[in-house]
Amino acid sequence: MKTSDLILEVKGLNIYYGHFHAVQNVSFSVMQGEIFGLLGPNGAGKTSTLSAIEGLLKPQSGSVTVAGFDTLEKPLHAKSAIGVQLQATSFQPELTVGEILQLYAGIYGVALSKDRLSSVMREIKLEDASQKRFRQLSGGQQQRVSLAIATLHDPKLVLLDEPTSGLDPQSRRQLWERMEAMREKGHSVLLTTHSMEEAEAVCDRIAIIDHGKVVAIDTPQSIIDNNKTKPEVIAASRRGKITLEDVFIGLTGKAIRS
Amino acid sequence: MQTTIPNTSSVFTSLLRADFTTQWRNRRSFILLLLVPVIILFSWKGVIDKFGGPFALSSCITIGLVATGLMGYSNSIARDRDKGVFQRLRVAPMPSWCIMASRLLVQLAMILVLTIAVLIAGKKMDNITLTPAGYAMSFLTALIGGAVYLGLGQLIVGMIQNPETVNSTSRLIYFVFIMVGMFGELGILGDQLKEVVMWSPYGTVKRIIAAGMQPAAWNAEMTTALLVTIGYALLFSFIGIKKFKWNNKQ
């Protein structure tokens, strides 16, 4: 592994909310051109981990390095190497899609001429929507705009927090294709997801987090192969053939999380 | 692929453009805020004859400032925090103070618009004119007074997370300030309350604006009122900023 290929390195991350230890000694890395998935039940610590990477949350210990910049020591450098699509991404409802793109282009220091704006809108198949308000778009269209904003400044790392939740199968497939296109261009992608299908379909490697700890980290197939003989995984299997979801349930338990 | 940090002035310009556009699209609600002091001024012919033009103008500007800080600023901050607008902005490579500074600059511009509107209404409807120094001081004292209510708005969104509760609290405080302030100042609610109102955020702001309109009449008591006003602005802002959370899920 060449250090120059390392885009994200999370080392010994610990996050507390009062006495609650939400993220416990989490470590993983993401390479250039890799799609890495963070999987875990609700409240497992995925969003807290992502928030620490985004610089929204200060960990009690551990470090996060993005494109060689420590997020605590050089937060602005690290942030400029990241493109983010938040779980609850929202933009000022009074602004049009074109104005939102202009705003974020300015914030990321990207010159967005009329032609460039049209080309971005064409790329996301929303040629006629630049004068529409963000809330007037469908869920899939909103995701496309959010992703376009996240990649406007050509970031080395793109963070996607549950990007396909609430999308129809067509929009989901389209988003997967966009993620793969980003990988081909050399971007690294870190996504959180509840969808095992998504993890298997697009992720090169995944980490399963439970109760704030990484319980497995590898390629989806290797995670299946390494865990398929465990009794708890076999017990979770519904159709005989062990799937990633069976491994996930086996490793994290059947109990519903809040 | 780049890792250059955009320069702060271009970031700030982009934020300001977006925030002014947002304010422009919400112009109806601002016009409604503006109408209250203008209507009061229109209906106060008797008060102007009895207490003078500066008394009426300063009361109306103060009412507008209370509305701008409490209803306009705090509600827009609470709404955007609830929708995650701030979280999205904070993951961008810029210092967080830029986000708030841009919002505050827009509000200060609105305070100037409000002051101009009341002064024009005073001239057109009641023929109240000031000296050039009086006009200049009116703007200056209105901005200082506006800082008190923006600070109070910040305090409300710092202490309260829920946008509906922010809305109802700011309305309640607005109502209390206006009613107790106006009637208390006139002595209708008793001498003791009159004294309290005089040194309250309502009373000190109103008095420095009124005194600013007649610079020749400025005295030591007004200087004390100015210092108390600045103290209120600093205190409210300090607590409001310290308690403020960018994300209402924290």
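Refer to the structure printed above.
Remember, predicted model here, so these are calculated numbers, not experimental data.

This paragraph deals with the overall build of chain A. Per the secondary structure count, chain A includes 10 helices and 10 strands. Against the compact-globule benchmark of 18 Å for 258 residues, chain A has a radius of gyration of 19 Å, which places it among compact chains. Principal-axis analysis of the C-alpha atoms places the extent of chain A at approximately 60 × 45 × 40 Å. Across the 258 residues in chain A, those meeting the buried criterion constitute 45%. Within chain A, counting contacts between residues at least 6 apart in sequence, those at least 24 apart form 65% of the total.

Right, let's get into the nonpolar core. One broad rule of soluble globular proteins: the nonpolar side chains tend to lie buried together. By size, the foremost hydrophobic cluster in this structure holds 80 residues, and its most contacted members are A:Val66, A:Ile100, A:Leu157, A:Leu159, A:Val189 and A:Leu190. Looking at this core, the element that brings in the most residues is helix H3 (residues 97-107) of chain A, giving seven residues. Within the second largest apolar cluster, 52 residues are counted, among which are B:Ala56, B:Leu70, B:Ile208 and B:Phe236.

Take the pairing of strand S10 (residues 213-218) of chain A next. Residue and element names in this part refer to chain A. As paired strands, strand S9 (residues 205-210) and S10 are joined by five bridges and run antiparallel to one another. Each residue of the ladder has a partner; that of Asp-210, found in S10, is Lys-213. Here S9 folds back onto S10 in antiparallel fashion, the turn holding two residues, of which His-211 has a positive phi close to 50 degrees.

Excluding glycine, a negative phi dihedral is what most residues carry, and trans is how most peptide bonds are arranged. Residue and element names in this part refer to chain A. For Ala-67, which is not glycine, the phi dihedral falls at a positive 50 degrees. Examined against the element boundaries, Ala-67 turns out to sit in the loop between strand S4 (61-66) and strand S5 (69-70). One non-glycine residue with positive phi stands out, namely Lys-125, at about 55 degrees. One can find Lys-125 in the loop between helix H4 (114-123) and helix H5 (139-151).

With that out of the way, let us pick up the interface of chain A and chain B. In this complex, chain A contributes 29 residues to the contact, which on the side of chain B involves 27 residues. Going through the elements one at a time, helix H2 (75-80) and H3 of chain A are the ones with two or more residues in the side of chain A that touches chain B. Grouping the constituent residues of the side of chain A that touches chain B by class yields 13 nonpolar, 10 polar and six charged.

Turning our attention to the packing of helix H10 (residues 201-213) of chain B against helix H11 (residues 220-243) of chain B. Residues and elements named next belong to chain B. Their axes nearest at 9 Å, the elements H10 and H11 cross at an angle of 130 degrees. By the angle between their directions, the pair H10 and H11 is classed as oblique. As for the relative orientation of H10 and H11, their crossing is left-handed in sense. The residues of H11 that touch H10, namely those facing Pro-201, Thr-204, Val-205, Arg-207, Ile-208 and Ala-211, are Met-222, Ala-225, Leu-226, Val-228, Thr-229 and Tyr-232.

Looking now at the sheet that holds S5(A). All names here are of chain A. Strand order in the open sheet formed by four strands is S2-S1-S4-S5, with antiparallel pairing between adjacent strands. Strands with a single pairing partner mark the edges of an open sheet, and in this sheet they are strand S2 (20-31) and S5. With two bridges joining them, S4 and S5 adopt antiparallel strand pairing. Its bridge partner being in S5, Thr-65 is matched across the sheet by Asp-70. Against the sheet, helix H1 (residues 46-54) makes contact with strand S1 (6-17), S2 and S4, and its axis sits at roughly 120 degrees relative to S1, the strand it touches most.

Another point: the sheet that holds strand S3 (residues 35-39) of chain A. Residue and element names in this part refer to chain A. Spatially, S6-S7-S8-S3-S9-S10 is the arrangement adopted by the six strands of the open sheet, whose pairing is mixed. Each of the sheet's edge strands pairs with one partner strand only, and the pair in question is strand S6 (82-85) and S10. Direction aside, neighbouring strands of the sheet carry axes that sit 15 degrees apart on average. Across five bridges, strand S7 (residues 157-161) lies against strand S8 (residues 188-193) in parallel orientation. Within the sheet, the bridge partner assigned to Leu-159 lies in S8 and is Leu-190. Lying over the sheet, H5 contacts S6 and S7, oriented at roughly 165 degrees with respect to S6. The strands that helix H10 (residues 244-252) touches are S3, S9 and S10; relative to S9, the one it contacts most, it runs at about 30 degrees.

What follows deals with the packing of helix H4 (residues 53-83) of chain B against helix H6 (residues 97-126) of chain B. Residues and elements named next belong to chain B. The geometry of H4 relative to H6 is characterised by a closest axis approach of 10 Å and an angle of 150 degrees between their N-to-C directions. By the criterion of interaxial angle, the relationship of H4 to H6 is roughly antiparallel. Considering the relative orientation of H4 and H6, their crossing is right-handed. Residues Gly-53, Leu-57, Cys-60, Ile-61, Gly-64, Leu-65, Thr-68, Gly-72, Tyr-73 and Ile-77 of H4 touch H6, and the partners they reach there are Arg-103, Gln-107, Met-110, Ile-111, Leu-114, Thr-115, Val-118, Leu-119, Gly-122 and Asp-126. Of the residues contributing to the contact of H4 with H6, the split by class is 11 nonpolar, seven polar and two charged.

Criteria and thresholds
Residues numbered from 1 in each chain as written. Chains lettered and ligands numbered in written order. Predicted model: local features only at pLDDT ≥ 70, side-chain atom pairs only at ≥ 80, totals over all residues. Helix = DSSP H or I, 4+ residues; strand = E, 2+ residues; numbered from the N terminus. Rg over C-alpha atoms; globule rule 2.2 N^0.38 Å. Buried ≥ 20, exposed ≤ 12 C-beta atoms within 10 Å, placed from the backbone. Contact = placed C-beta atoms within 7 Å. Core = buried A, V, L, I, M, F, W, Y, C linked by C-beta atoms within 7 Å. Pairing = 2+ DSSP bridges. Nonpolar A, V, L, I, M, F, W, Y, C, P; charged D, E, K, R; others polar. Axes fitted to C-alpha atoms, helices over the stretch in contact; angles between N-to-C directions. Parallel < 35°, antiparallel > 145°, perpendicular 65-115°, else oblique. Left-handed = near helix turned anticlockwise from the far one by under 90°.

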